[in-house]
Amino acid sequence: MNKRINERKIAIIGPYPPPYGGISVHIQRVLNYLDEKKYDYDFYLENRAEKNSSSTYKFYGFKKLLSLFKLLFKKYCLIHHHSPDWKTRVILSLYGILGKTVYLHIHGASLKDTIQNGGIKSFLTCKLLRFANIIADNKDIAQLAQKYSPKSLTIIDAFLPPLYNEKVYKDFITKYGGILKDKNYVISMVGWFVYYENVDLYGFDIALDALRRFKKEVDKDVLFLVSINGVRSEELHQKINNYIAKNNLNNNVYFLYEEMPEIWPIYIVSNVFIRPTCTDGSALSVKEAMWFETPVIASDCIPRPEGVILFKNRSGNELFKRIMQIYYSNKGVNNFENKINKVKDKKLQYKLFNDIYQI
């Protein structure tokens, strides 16, 4: 057995892909990095994804109770919790009173929602945060958490770029290369079929409208390649498929419903990645696409990272214009090998590993 570099284990709690949401993908990246560095950990899996490992424990159903006892009595050097579940946050904060080193990682608006909703969960959360260390995704979360005097407060962007893996990329090309054949331009996206306040949250509707115009006005051999996280609205799912059929786009759209070890090969094979959401969180997919040197177009529903090309929220016409802007600026060229070489040369410095895990 290969010797691990840390004498005492850490415990990590949260979801694992699939589905490929922001938190689960972040954890997947963290565990892959720790495995590569031979850093010892136990992973407490809170969803029913497959993560076969002797150091993985189920953290759902009745086994969650057993895992909570294990977390309490096992001598971890730290416990790192990612889930927005307020009850687990409260329990782990109590562990902090008992001397455990607990880090609550706050992603998105979960802490804000818990506090604003009031009641016992708000009261307990606010009172017990001072016994835990807080990791915040951004300054807004940090400012909110600071009001409740946690043991420590660290701002760490949730974005953690994936490690390039030649086998993962080649397996993707072997499996999906056929759909890329004879396609001159690839537009990619990631999302759920779900409504938000009666609006297509991920913007499939305006994306397909832009695709229809691109096919008609620019190049009929265009491909819209989408990794589907899941279907939460069958009504929207059917509506989108009806639109595809009605506008003769069947040969121009490919929805990836399958489970994949990583989604980053999509960025490599894409000429442009789009994020036409009507509202958003940290949008890790945007940062991942940029990491892989793929141009990104996103709605202006929230502030976006520097370098993202913005279009007016819910404007299919503006989205189409931005796609055309990218198309004419690089003449439709997508150099896979150049992207891969650039990614291989990038050096990773990540605050979580350096400051919290002490790698």
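Structure first, text after, so check above.
Attention here is on the structure that accompanies the text. Given the structure is predicted, the values throughout are model-derived calculations rather than measurements.

**Some remarks on the layout of surface pockets**
- Quantified by volume, the largest pocket comes out at close to 1800 Å³.
- As for the largest pocket, its lining consists of 50 residues, of which Gly108, Asp280, Gly281, Ser282 and Ala283 are closest to the centre.
- Its residues placed into classes, the lining of the largest pocket shows 24 nonpolar, 14 polar and 12 charged.
- Put simply, the second largest pocket is a space of about 230 Å³.
- For the second largest pocket, the lining is made up of 15 residues, of which Asn32, Leu163, Asn165, Val168 and Glu262 are closest to its centre.

**Points about helix 7 (residues 166–180)**
- At Thr174, helix 7 is deflected by roughly 50°, the largest bend along its length.
- What helix 7 keeps buried is the set Val168, Tyr169, Phe172, Tyr176 and Leu180.
- Looking at the buried positions of helix 7, the neighbouring elements they touch are strand 8 (185–193), strand 11 (222–231), strand 12 (253–256), helix 10 (265–268) and helix 13 (336–345).
- If you check the start of helix 7, you find a side-chain oxygen 2.9 Å away from the backbone N of Lys167, and it comes from Asn165.
- In the stretch just after helix 7, Asp182 is the one whose phi turns positive, near 65°.

**A closer look at the sheet that holds strand 12**
- Ordered in space as 12-11-8-13-14-15, the 6 strands form an open sheet in which the pairing is parallel. Only two strands of the sheet have a single partner each, and these edge strands are strand 12 and strand 15 (309–311). The average undirected angle you get between the axes of adjacent strands in this sheet is 25°.
- Pairing of strand 8 with strand 11 involves 9 bridges; the strand directions are parallel. Across the sheet, the residue bridging to Val190 is Ser227, located in strand 11.
- Most of the contacts of helix 8 (residues 204–217) go to strand 11, to which it runs at about 165°, and overall it touches strand 8, strand 11, strand 12, strand 13 (272–275) and strand 15.

**A few points about the sheet that holds strand 3 (residues 56–58)**
- With respect to topology, 7 strands assemble into an open sheet ordered 3-2-1-4-5-6-7, the strand pairing being parallel. Edge positions in the open sheet fall to strand 3 and strand 7 (152–155), since each of these has one partner strand only. Strand-to-strand twist across the sheet, computed as the mean angle between neighbouring axes with direction ignored, equals 20°.
- As paired elements, strand 6 (residues 133–136) and strand 7 share 4 bridges and run parallel to each other. Residue Asn133 lies in a different strand from strand 7, and its bridge partner there is Ser152.

**Here we look at the environment of Ser282**
- Examined against the element boundaries, Ser282 turns out to sit in the loop between strand 13 and helix 11 (284–291).
- The class for Ser282 is partly exposed, based on a relative accessible area of 40%.
- In this structure, the C-alpha to C-alpha distance between Ser282 and Ser188, residues 94 residues apart in sequence, is 18 Å.

Rules used in this analysis
Position numbers for residues start from 1 in each chain and track the written sequence from start to end. Local features in this predicted model are restricted to residues of pLDDT 70 or higher, and side-chain atom pairs are both shown and tallied only at a pLDDT of 80 or more, whereas totals for entire chains, interfaces and linings draw on every residue. The side-chain values count all of the structure's non-hydrogen atoms but skip hydrogen atoms and water molecules. Of the grid points, spaced at 1 Å and generated over the protein atoms alone, those admitting a 1.4 Å probe that cannot get out make up cavities, while open sets with protein on both sides within 12 Å along at least five of seven lines make up pockets; any residue with an atom within 4 Å of a point is treated as lining. Grid points are joined across faces, edges and corners, and a volume is the space filled by probe spheres set on the points. As a working rule, the residues Ala, Val, Leu, Ile, Met, Phe, Trp, Tyr, Cys and Pro are called nonpolar, Asp, Glu, Lys and Arg charged, and the rest polar, with Gly in that last group. Values of bend correspond, residue by residue, to the angle between axes fitted over the seven residues ending at that residue and the seven starting there. Here a helix means four or more residues in a row that DSSP labels H or I, a strand means two or more in a row labelled E, and each is numbered from the N terminus. Buried, partly exposed and exposed residues are distinguished by accessible area as a fraction of the type maximum, computed with a 1.4 Å probe on protein chains only: under 20%, between the cut-offs, and over 50%, respectively. In this analysis, two residues are considered to be in contact whenever any of their non-hydrogen atoms come within 4.5 Å of each other. Side-chain atoms alone can form a polar contact between residues adjacent in sequence; in general such a contact is a pair of N or O atoms within 3.5 Å, and within protein one must be able to donate a hydrogen while the other accepts it. In this analysis, strands are considered paired if DSSP registers two or more bridges between them. Only the stretch in contact is used when a helix axis is fitted, and all axes are lines through C-alpha atoms; the angle between N-to-C directions ranges over 0 to 180 degrees.

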